[in-house]
Each structure stands twice: as C-alpha cells, then as structure tokens.
Amino acid sequence: MDQLALAPHDHGEPHQPLLIARDLKKHFPVKGSGGKAVQAVDGISFTVRKGETLGIVGESGCGKSTLARLLLYLLVPDTGELVFDGAAVGDGITVGALRRHVQIVFQDSYSSLNPRMPIRDSVAFGPFVQGKPRGEARRIAREALARVRLDPDLFGPRYPHELSGGQKQRVNIARALATGPRMVILDEPVSALDKSIEAQVLNLLRALKRQLNLTYVFISHDLNVVRYLSDRVLVMYLGRVVELGPVEAIYARPAHPYTRALLASQPSMDPGRRIEQPPITGEPPNPISPPAGCRFHTRCPFAEALCTSVDPPLPLWTGPPSHIAACHLADRMRPARLT
C-alpha cells in the first residue's frame, strides 16, 4: 500500500483542534537601543482545526513569517504555549516529534534546496533522518515526487539549477510530504511564480489536502489566493491578530477597519469598482515602539478617543461559526457587506 496515502491517526478527540497557540510572543532585541526590541509577534492566540486550511494575511512586516517559524519552533517563543493534538510542546510532545508531524514549505524555492544534492536525495533526506533505510527512503521519495506530478526517473537525478521555479516548489512540497506530516505550513509558496504556474500549484495543494487528509496553515499577501484555498482567515497587523473568522464572512462582512482596507485595496477589472483614493494611507508604526491603544488607530479613518488609549482585546473563540475582531467599533463595522 502507498505509504503516503495512509491517513494519520488522531491522538486526541476528533473535534479537538490540531494546533492551539496561546499568547505567543517573539521580540528581537535591537543592539544599541537601550534594551528595546522589535515586537515581531506580540501575544497571538488562535486554533487550527483538523482538516482545515487557515489562511494568514497582512502587510509585509506584520509578523506572518515569524509566526510560521514559531509554530515549528524554528524560532523559540519568548513566552506562550503551543499545544499539538492535545499535547503541550516541550511537555507532552517534544520539538522533534512536533517536526515529524508538521512540515513547512518556504517562499524561496531555490535556497530551500541543497544545490549539490540531487532532487531524489533532497526528498529522501527527511525519511532517512527519521530512521528509514536508504532504499526505503528513496522509494518514499519516488512516491512523493509522483504525488506532485514530477516524473521520478526524469527529475530525481537532476539538480536544483536544472529546474524551473514551479518545479523547484513542487520538489519542496514533495520533500514536506515525504515525512508523512499531518500539518503543512505554507509560507508564501506561490508568490514567486507566474500566474499560470501559480494556479497549477494551488490546485495541486488542494488535491493533496484531500488525498492525504492534511491540515494547512497558508500564509500569503494575495487575498484572492487566500480566499480560494482557505476555510478560515486570520488577519495580522503589527504583530497581533486583528480579525479571525470564516473566509466568506471575512470577505463579505469584514469587522475590522484594517481588514476592510486590505480588501478594498484589491485591484478590480470592473471600471465601476476602481478607486482613485487609497483605502489606507500612512506607514505602519514602528514595531519597536507601537502606539498606545489600538495599534491601527494612527491610520484608521474611524478612530475615536477610546481607540487611542485602550487596547481592544480579541474576543475569546466561541465555536465553529465564530467571527471575531479586536476593534472597539466591530459591532458597527460588521453590518456593512462588501460586494
């Protein structure tokens, strides 16, 4: 039987979230600043349900990629807790065991591959490190390459410089699948590809998710791609979560002014929907010393006095249909429907 087709066994309850992040923080000290630090991720909490795709969006520099590395402990959180399928990382489950269940695909497909290693060996390396005999690891690599629609006999002996960008990204996806993960973190996996290849890779990711019963965390700045692939969307701004909810609810009735601005900034082919004024102006605040109160109030056209002094909390998750926003004006913003 094809090893990659085997459905992984749940260790917890079937309706238990696969991953829970609680108050994750990661600050990077700045030399010569008197103890100041860049607040890349500053108190983020969310859950990832089994079998779903959670999309993460936000401007460049908001902390998306830092968060992805925290989820895999490529960066160690300053504070906070990760729980994978009911087991706390570092207590109930080791970091090594977490990485056997969770893999990541990075944005830069070329630098992710060893230029001196044939493709088949790059893909087989993960199973080999996990204890598979060399022959078994290469067999798994062949299956993984076939999964991503690359002929193992044709592409296996090649080196990364002999492949196109789309082919290299398929190799990275195959390498992630070769270890039999339950979750895959996709950090801007198609942003460097042209649109025709991007569509092929996105359809491949959707097919693999169904075939292998995978859970995705999908990070992108392309809002259309996130809508196509995701079940729920998490919106980040300056190191924090500002909105979280089902994808159609987020796109139809955004409850946070920042989310509204992001959606309004999408280019449109309809002349009647084109805008002449930018939906959001100004630069994001300095992440070393973010403003008091709501971090978006310096750019928010709806900001009130309360927003400048009181930091709006993100309401607790209340169930499957939950749509929450960290905004004092969320109740007033939500009724408006974007078409």
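Before reading on, note that the structure itself is shown above.
Residues numbered from 1 in each chain as written. Predicted model: local features only at pLDDT ≥ 70, side-chain atom pairs only at ≥ 80, totals over all residues. Heavy atoms only, no water.

## Examining the sheet that holds strand 2 (residues 37–48)
Convention followed: Criterion used throughout: strands pair if DSSP finds at least two bridges between them. Runs of H or I in DSSP of at least four residues are treated as helices and runs of E of at least two as strands, each being numbered from the N terminus. Throughout, a residue-residue contact means that at least one pair of heavy atoms, one from each residue, lies within 4.5 Å. Axis geometry follows a simple rule: fit a line to the C-alpha atoms, using only the stretch in contact for helices, then measure angles between N-to-C directions, giving values from 0 to 180 degrees.
One open sheet holds the 4 strands; their spatial order is 2-1-4-5, and the pairing between them is antiparallel. Every interior strand has two partners, whereas the edge strands, strand 2 and strand 5 (87–88), have only one. Sheet topology places strand 1 (residues 19–29) next to strand 4 (residues 79–84); 5 bridges connect them, and they run antiparallel. By the bridge assignment for strand 4, L19 is matched with F84. In the packing of helix 1 (residues 64–71) onto the sheet, contacts are made with strand 1, strand 2 and strand 4, and the angle to strand 2 comes to roughly 60°.

## Overview of the pattern of salt bridges
To be explicit about the condition: When a carboxyl oxygen of Asp or Glu lies within 4 Å of a side-chain nitrogen of Lys or Arg, that pair is called a salt bridge. Relative accessibility under 20% of the residue-type maximum defines a buried residue, over 50% an exposed one, and the middle range a partly exposed one, all with a 1.4 Å probe and only protein chains included.
Enumeration according to the criterion identifies 17 salt bridges in this entry. With a shortest N-O distance of 3.2 Å, R69 and D187 are connected by a salt bridge. On the criterion of sequence distance, the pair formed by R69 in helix 1 and D187 in strand 7 (residues 183–187) is long-range, its members being 118 residues apart. Between R138 and D121 there is a salt bridge whose closest N-O contact spans 2.9 Å. Separated by 17 residues along the polypeptide, R138 in helix 4 (residues 134–147) and D121 in helix 3 (residues 119–129) bring together distant segments of the chain. The class of R138 is partly exposed, set by a relative accessible area of 35%. One continuous salt-bridge network, built from bridges that share partners, spans D42, R240, R295 and D311.

## Thoughts on helix 7 (residues 195–212)
Spelled out, the test is: Helix span is expected to be 1.5 Å times the residue number reduced by one.
In a regular helix each residue adds 1.5 Å, so 18 residues correspond to 26 Å; helix 7 covers 26 Å between its end C-alpha atoms and thus fits that length. The complete set of buried residues in helix 7 reads E198, V201, L202, L204, L205, A207, L208, K209 and L212. Where helix 7 is buried, its residues meet strand 3 (53–57), helix 4, helix 6 (165–177), strand 7, strand 8 (215–219) and helix 8 (223–229). The positive-phi residue at the C-terminal boundary of helix 7 is N213, with phi of around 55°.

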